[in-house]
Amino acid sequence: DLGGRLARWEADAAAAQQAFAAERNVTVPLVAAAAGAAVASERWVVAQQAISRLVATRAPLTGALADIDRLYLERSIDEAIDGLPEIYALRDRLSELVSTQDAVVEALSAQLPGS
């Protein structure tokens, strides 16, 4: 059922966004504390690990986006236009979330020496 799949992907993305926001609140001060630290120092390693955990929270969102992309392509190839507007709208929203999260991760990584 298309509606159920879209709702599940949207719920997965919302949960991932909440997890990302919570983990970002933990990561930001750790990265700030390591901004002047030497590469491979304890503060630097802790900050890198925090960024890795932040990236890991994105898995449900990026997974949902990949599933939506696959569905969109399958329906486009089969010329099955039913549901395409809804699929595309959700894909657009999730893609925007991924882009915003990419920017956050890149900005945090750029604050660390050697990144």
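Residues numbered from 1 in each chain as written. Predicted model: local features only at pLDDT ≥ 70, side-chain atom pairs only at ≥ 80, totals over all residues. Heavy atoms only, no water.

### A word on the overall build of the chain
Rules: Helix and strand assignments come from DSSP, with helices taken as H or I runs of at least 4 residues and strands as E runs of at least 2, each series counted from the N terminus. In this setup the radius of gyration rests on C-alpha atoms only. A globule is expected at 2.2 Å times the number of residues raised to 0.38. Each residue gets one of three labels from its accessible area relative to the maximum for its type: buried under 20%, exposed over 50%, partly exposed in between, using a 1.4 Å probe on protein chains only.
A tally of regular secondary structure across the chain gives four helices and zero strands. Mapped in sequence order, the helices and strands of the chain form the string α-α-α-α. Taking 115 residues into account, the globule formula puts the C-alpha radius of gyration at 13 Å, and the chain, at 18 Å, lies well above it. Over its C-alpha atoms, taken along the principal directions, the chain stretches across nearly 55 × 20 × 15 Å. A total of 115 residues make up the chain; the buried ones form 30% of that total.

### Description of helix α2 (residues 42-56)
To be explicit about the condition: Take the residue count of a helix, subtract one, and multiply by 1.5 Å to get its expected span. By arc we mean the arc of the directions from the helix axis to the C-beta atoms, nothing more. For this analysis, residues touch if any pair of their heavy atoms sits within 4.5 Å.
Between its first and last C-alpha atoms α2 spans 21 Å; for 15 residues at 1.5 Å apiece the expected length is 21 Å, and the two agree. Along α2, the residues classified as buried are W44, A47, A50, I51 and L54. Projected down its long axis, α2 carries its buried residues within an arc of 125°, all on one side. Residues of α2 that are buried make contact with α1 (2-34) and α4 (84-110).

### Observations regarding the pattern of salt bridges
As a reminder of what qualifies: Only one rule defines a salt bridge in this text: a Lys or Arg side-chain nitrogen within 4 Å of an Asp or Glu carboxyl oxygen.
Following the criterion strictly, the structure yields six salt bridges and no others. For the salt bridge of D67 with R70, the shortest nitrogen-to-oxygen distance reads 2.5 Å. Of this pair, D67 and R70 both sit in helix α3 (residues 59-77), three residues apart, which is roughly one turn of that helix. For R70, a relative accessible area of 45% corresponds to the partly exposed category. Across the pair R75 and D82 runs a salt bridge, and its minimum N-O distance is 3.3 Å.

### Examining the packing of α1 against α4
This is how it is decided: For helices, the fitted line uses only the C-alpha atoms of the stretch in contact; every axis is such a line through C-alpha atoms, and the angle between N-to-C directions lies from 0 to 180 degrees. Each angle receives one of four descriptions, namely roughly parallel if under 35 degrees, roughly antiparallel if over 145, roughly perpendicular if within 65 to 115, and oblique otherwise. In a left-handed crossing the near helix is turned counterclockwise from the far helix by less than a right angle, and in a right-handed crossing that turn is clockwise.
The interhelical angle for the contact between α1 and α4, taken along N-to-C directions, is 10°, at an axis separation of 11 Å. Looking at the two axes, α1 sits roughly parallel to α4. Relative to α4, α1 is oriented so that their crossing is left-handed. Contact residues: L2, L6, W9, E10, A13, A16, Q17, F20, R24, T27, V28 and V31 in α1; E86, I87, L90, R93, L94, L97, Q101, V104, V105 and L108 in α4.

### Description of the side chain of T57
Rules: Here a polar contact is recorded for every N or O atom pair within 3.5 Å, except that within protein the pair must consist of a potential hydrogen donor and a potential acceptor, and residues adjacent in sequence are included only if both atoms are side-chain atoms.
Mapped onto the elements, T57 comes out in the loop between α2 and α3. A distance of 2.6 Å separates the side chain of T57 from the backbone oxygen of L54, its partner in a polar contact. Among all residues touching T57, those that are not within four sequence positions of it are A16, A19, F20 and E23.

Geometric descriptors of this kind do not, in isolation, establish any biological role.
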